[in-house]
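Architecture at a glance
The residues making up each chain are set out below.
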Protein chains: 4
Amino acid sequence: MSTQGLILTLSCPDRRGIVAAVSAFLAERDCNILDAQQYDDPETGAFFMRVVFAPDGHAADALREQFEAVATVFAMRWSLRDPAVRKKVMILASLSDHCLADLLYRWRIGELDMDIAGVISNHPASTYRHVDLGDLPFHHLPVSKATKLEQEAEVWRLIRDTGADLVVLARYMQVLSDGLAAKLEGRCINIHHSFLPGFKGAKPYHQAHARGVKVIGASAHYVTSDLDEGPIIEQDVERISHRDTPEDLIRKGRDIERRVLARALRWALEDRVLLNGRKTVVFTD
Amino acid sequence: MSTQGLILTLSCPDRRGIVAAVSAFLAERDCNILDAQQYDDPETGAFFMRVVFAPDGHAADALREQFEAVATVFAMRWSLRDPAVRKKVMILASLSDHCLADLLYRWRIGELDMDIAGVISNHPASTYRHVDLGDLPFHHLPVSKATKLEQEAEVWRLIRDTGADLVVLARYMQVLSDGLAAKLEGRCINIHHSFLPGFKGAKPYHQAHARGVKVIGASAHYVTSDLDEGPIIEQDVERISHRDTPEDLIRKGRDIERRVLARALRWALEDRVLLNGRKTVVFTD
Amino acid sequence: MSTQGLILTLSCPDRRGIVAAVSAFLAERDCNILDAQQYDDPETGAFFMRVVFAPDGHAADALREQFEAVATVFAMRWSLRDPAVRKKVMILASLSDHCLADLLYRWRIGELDMDIAGVISNHPASTYRHVDLGDLPFHHLPVSKATKLEQEAEVWRLIRDTGADLVVLARYMQVLSDGLAAKLEGRCINIHHSFLPGFKGAKPYHQAHARGVKVIGASAHYVTSDLDEGPIIEQDVERISHRDTPEDLIRKGRDIERRVLARALRWALEDRVLLNGRKTVVFTD
Amino acid sequence: MSTQGLILTLSCPDRRGIVAAVSAFLAERDCNILDAQQYDDPETGAFFMRVVFAPDGHAADALREQFEAVATVFAMRWSLRDPAVRKKVMILASLSDHCLADLLYRWRIGELDMDIAGVISNHPASTYRHVDLGDLPFHHLPVSKATKLEQEAEVWRLIRDTGADLVVLARYMQVLSDGLAAKLEGRCINIHHSFLPGFKGAKPYHQAHARGVKVIGASAHYVTSDLDEGPIIEQDVERISHRDTPEDLIRKGRDIERRVLARALRWALEDRVLLNGRKTVVFTD
């Protein structure tokens, strides 16, 4: 669904009157609700909401200031964002460039509404000579066991200095240290090339082949310090057969990976993904 | 998602303040919103909403009376229903009993929360000797070209006299006359054994085989006087190959048909399906 | 694809001339090949083949005797079967009867071409009062930790005495002892209610809910003494969302389980599943 | 599955001894069969086969000459191809470049084993400035109603002069004349952005939106003079909801189109697609 208007997302302990308070706030300001989705988690008693509304001339800043009072009453964790102000995304890649190439293609044709803060790779720019990097800032940051600390410090400096809102590990293939993972909590999306929680860790397609599964998948998830255990945003699968070699799985997997990562990123860009403990609430379109 | 509380569904021309009015109405009565979904059709300017709320001791009848005022302001077409009062469903079947058997199974294990008003068939009860019809009223109403008028009159009498809210054509294989279709508009669900709008009419699996498609499907839709053109509620598909004979397609199709019909019926029972012209809005769980 | 003619399946170390030897054997006897599929495992050097042929008046027994010579040359593990002689299947069930009811339904309408040797349950026949067990031998064999040894001995006795070719654990929910698992190797099919290897063991839908996955699945596999690690025959999946409770997953899972189990059983009945170490080769139709 | 060895494909009227004759031919020359699939069409009595074999030092040309005798006996339509000799593919594109970009990406990373004879577009090269056309011959052939005849003559000249084996309409959006379609029969693959036979003709996503379907798809098919009626090679689908605008369908459709077209092309490159009247036999991997 096309997104016009401002986007309000919020989560708080569930109690009576939240929707009424939010919709009254908007109605009093003649802001028409264009789209709204909500979810009450019956297990945790947490409430989640995403509202898109026409601001009727009100500035986002002013509304944000005024909404503070409502938010306080309900102890909300919230955000009110103008999608016209694009999110900045830092992309990290490694040798396999199918996700990188795909994200850049989707960005160019307007499918991913974002600004790209830059591309970081542990391989030189020449690795991507067939991908149009255009004028995007490219940072070659090689990494080894010995230099990991320094390299991550530089990665972090780039993320911070560019003001990147989101970080995407587009088959980056380097495990982030606990420290960096902690700094990026809730805003770093990784694509894992297996149907988690099956086949965690390295070479998942080889694992899948050895186990003889009949379906393979990929999972986009938020990075946490617990490897391959972060909140899952999106997953998808494809059928395979005994005829498929590990190389066939890698090939079929590329298609799943790029579409799963692109979906997860688009939803994150549109404020559709809310954290719910170690799970996510995804208000899909 | 489990449905507790009362279910309010409504549609009306979109304008400011609908959500605020509805949520204020509920908040003033201490009714907590448990689930809410809405949709604005950008093409027609129609607004659709489904709200589940805890009634906080209020009787459904009283709330209905009080809500009338809100509904009038916004010209709503609406319903406020207590899911504890089960809908009555009349099932029509013919020779193929896979959908009938499946619906009865799901009903018995509590997956379909409904009362069955009866089973009507143009074949005798002995056709279903392996299906446990239990104490369900069974009506054998044979039909031929010559007797169609009388038979349909009898079908209609049974629907009316039992107060059936919904009618399900579980592979009934008889085209309803325009007259009966009109009487049942918006509450008669048919399962068509093709991926509409492909392969309308008779023998769709044979048509699909002849065309050499690689995927087949089934469609659950509301019946209208325009054959196979009614609003689609749900569709699903399965891959096939050149090896599949028409008989294989019929076999694979049975699986698709019964799950598509069961989903559509469950959504209709839970007031998740709203009519939007010749299309549907489906607030899935 | 409809199966007429005799079915020859074989596996052996790959070397030149296998196909030529087999097809010459058939051609010399004027047996026309109706369907043939083969697979060379590049990793193990094992060769697998399934041939359906018109016997041109030859008796299966005679052909079997004559084929012995070919089989010996290539060190084949093989079978030549007349599908007109139906396999005998023993079904084990427990409280949840959706797989049992589904298998019986498919059997009755001719979708599963088998003889049912009997139904064994650790619950009494009254548990299945809505399922038409007809004249099928029903064996109530309650089990507890203390009586497991005796119960399994009785299960085995029934399997042996009825000459059951296949055993189906239709949500039997009892872990077979290593001893019984060993006796049933390669002919006992279990349906596990998760997308293996994710969520092994008990309550997989609750595990899936807790992990927040976006897709759930079911796996049909041969039982081995290594719990949930046997060769996978078939898997399938369905999308879920954050809205789905564990009960919703159980409901959605029932649909996946019954179709996955039915497919696996049908393929086993048609000699389409060949063991390849801890994996399977499935010559699907 | 990785393809080594030579590929023999054939179709002929079914009769006894085809497989025996082919496998004896190979066995006599010590050619080991690596993969073989066959299909008997029970309706037409046509037989189809694809064999991959290790040539054991024999030259493809010599084998071709010797096989002629076998082929004549059975009236085969056949081909014996060395996959090391890559097929030449001419790609035709128009404004939407997602399929073009995707095919080039897959070609560069070795997923599509082909030589690209050139890219023809009715739009100038600058249209694709973000796609790396590299050194590929690019031909800008604008077309209008008045110049269609001349433009098609030029298209045909390029296909003929480059010796292109296959032609891919990668969202070319121009209907080929009957004359050109006839010349390219059986070797021109089009991607149609609908789940054929639903929504033939122009603007299928708008048609799908108007009809309110719940699943959309794309179809790769051989071009014939009968628009959107050619033999279907591959189809795939994706779920949509009432929330999806026509623009959303176009976006979701791009993903389906590019994977369906890539699959169909890869299968055609590997001689996996055989024509069977107005249908196809696809020996998938």
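Reading the values: rules and limits
Residues numbered from 1 in each chain as written. Chains lettered and ligands numbered in written order. Predicted model: local features only at pLDDT ≥ 70, side-chain atom pairs only at ≥ 80, totals over all residues. Heavy atoms only, no water. Helix = DSSP H or I, 4+ residues; strand = E, 2+ residues; numbered from the N terminus. Contact = heavy atoms within 4.5 Å. Areas by Shrake-Rupley, 256 points an atom, 1.4 Å probe, with all protein chains shown as cover. Lys, Arg positive; Asp, Glu negative; His and termini not counted. Charge placed at Lys NZ, Arg CZ, Asp CG, Glu CD. Buried area = accessible area lost by both parts, 1.4 Å probe. Salt bridge = Lys/Arg side-chain N within 4 Å of Asp/Glu carboxyl O. Polar contact = N/O pair within 3.5 Å; in protein donor to acceptor, adjacent residues only side chain to side chain. Buried < 20%, exposed > 50% of the residue type's maximum accessible area, 1.4 Å probe, protein only. Domains from an automatic or database assignment. Least-squares fit on C-alpha atoms with pLDDT ≥ 70 in both. Arc of directions from axis to C-beta. Pairing = 2+ DSSP bridges. Axes fitted to C-alpha atoms, helices over the stretch in contact; angles between N-to-C directions.

The secondary structure content of chain A amounts to seven helices and 13 strands. Contacts in chain A between residues at least 24 apart in sequence constitute 66% of all its contacts with a sequence separation of at least 6. In the form shown here, chain A has an accessible surface area of approximately 10500 Å², with 53% of it arising from carbon and sulfur atoms. Across chain A, the mean location of the 36 positive side-chain charges is 6 Å away from that of the 40 negative side-chain charges.

Turning our attention to the interface of chain B and chain C. Chain B puts 28 residues into the contact, and the matching count from chain C is 28 residues. Across the interface of chain B and chain C, roughly 2500 Å² is buried in total on both sides, 38% from carbon and sulfur atoms. Among the residues of chain B in contact with chain C, Tyr105(B), Arg243(B) and Arg251(B) are the three that bury the most area, contributing 25% of the side total. The salt bridge involving Arg254(B) is made with Glu111(C); its shortest N-O contact spans 2.8 Å. Linking chain B with chain C are 16 residue pairs in polar contact (both at pLDDT 80 or more). Only β2 (32–40), α3 (98–108) and α7 (246–269) of chain B provide two or more residues apiece to the side of chain B that touches chain C. The element contributing the most residues to the side of chain B that touches chain C is α7(B), with eight residues.

Moving on: unusual backbone geometry. In this model, Leu196(A) is joined to Pro197(A) through a cis peptide bond whose omega is 5°. Topologically, Pro197(A) is positioned in the loop between β9 (188–192) and α6 (204–211). A positive phi angle is found at Arg171(A), which is not glycine, with a value near 60°. On the basis of relative accessible area, Arg171(A) is assigned to the buried category, the value being 8%. Look at Asp271(B): it is not a glycine, yet its phi comes out positive at around 55°. Counting through the fold element by element, Asp271(B) comes out in the loop between α7 and β12 (273–276). The class for Asp271(B) is buried, based on a relative accessible area of 10%.

Let us look at the domain arrangement of chain A. All names here are of chain A. Each assigned domain of chain A is listed with its residue range as follows: domain 1 (6–81) and domain 2 (87–282). In this complex, domain 1 contributes 11 residues to the contact, which on the side of domain 2 involves nine residues. A buried area of about 880 Å², summed over both sides, lies between domain 1 and domain 2, and 49% of it is on carbon and sulfur atoms. Where domain 1 touches domain 2, the interface holds one salt bridge. Here Asp271 makes a salt bridge to Arg81, at a shortest N to O gap of 2.6 Å.

Another aspect to go through is the relation of the copies chain A and chain C. Each copy superposes on the other: chain A lies on chain C with an RMSD of 0.0 Å after a rotation of 180° and an axial shift of 0.0 Å. Taken together, the turn and the small shift mark the pair as related by a two-fold rotation axis. The C-alpha atom lying nearest the rotation axis in chain A is that of Gly198(A); the distance is 2.3 Å. Of the interface residues in chain A, 100% have counterparts in chain C that sit at the interface too, so the contact is made through matching surfaces.

The figure often quoted for interface size is the accessible area lost as the parts come together. Across the contact, 35 residues belong to chain A and 35 residues belong to chain C. Across the chain A/chain C interface, buried area totals approximately 3100 Å², and carbon plus sulfur atoms make up 51% of it. Of all residues in chain A, Arg211(A), Lys214(A) and His242(A) bury the most surface against chain C, accounting for 25% of the area lost on that side. Summed over the shared surface of chain A and chain C, the number is four salt bridges. Between Glu234(A) and Arg239(C) there is a salt bridge; the shortest N-O distance is 2.6 Å. Run the count over chain A and chain C and you get 24 residue pairs in polar contact (both at pLDDT 80 or more). Elements with a minimum of two residues in the side of chain A that touches chain C: β2 (32–40), α6, β11 (232–239), α7 (246–269) and β13 (279–282) of chain A. Ranked by the residues each element gives to the side of chain A that touches chain C, the list is headed by β11(A), at seven residues.

For an α-helix the count is 3.6 residues per turn, leaving residues at separations of three or four pointing the same way. Those residues of helix α6 (residues 204–211) of chain C that sit buried are Pro204(C), Tyr205(C), Ala208(C), His209(C) and Arg211(C). Along the axis of α6(C), the buried positions cluster into a sector of 165°, meaning they face one direction only. In this structure, the buried residues of α6(C) make contact with β11 and β13 of chain A together with β9 (188–192), β10 (215–222) and α7 (246–269) of chain C. Immediately downstream of α6(C), the backbone of Gly212(C) shows phi near 75°, a positive value.

Each copy superposes on the other: chain B lies on chain C with an RMSD of 0.0 Å after a rotation of 180° and an axial shift of 0.0 Å. A shared binding surface is used by both copies, with 100% of the interface residues of chain B retained as interface residues in chain C.

Moving on, we get to the pattern of salt bridges. Side chains bearing opposite charge may pair, as long as their charged atoms lie close to each other. Inspection of the entire model under this criterion finds 128 salt bridges over all chains. Here Glu238(A) makes a salt bridge to Arg263(D), at a shortest N to O gap of 3.9 Å. One end of the pair, Glu238(A), is in strand β11; the other, Arg263(D), is in helix α7 (residues 246–269), on a second chain. Across the pair, Arg263(D) and Glu238(A) agree in class, each one buried. When salt bridges with common partners are traced through the structure, they connect Glu234(A), Asp236(A), Glu238(A), Arg259(A), Arg263(A), Arg239(B), Arg239(C), Glu234(D), Asp236(D), Glu238(D), Arg259(D) and Arg263(D) into a single cluster.

Before going further, it helps to spend a moment on the sheet that holds strand β6 (residues 114–121) of chain D. All names here are of chain D. The strand order across the open sheet built from seven strands is β7-β6-β5-β8-β9-β10-β11, with neighbouring strands paired in mixed fashion. Each edge of the sheet is formed by a strand with only one pairing partner; in this case those strands are β7 (138–140) and β11 (232–239). Taken over all neighbouring pairs, the strand axes of this sheet differ in orientation by 20° on average, direction set aside. Taken together, the three bridges between strand β8 (residues 166–170) and strand β9 (residues 188–192) define a ladder with parallel strand orientation. The residue bridging Val167 from the neighbouring strand is Cys188, located in β9. On top of the sheet, α7 reaches β5 (87–93), β6, β8, β9, β10 (215–222) and β11; it is set at about 150° to β11, its chief contact.

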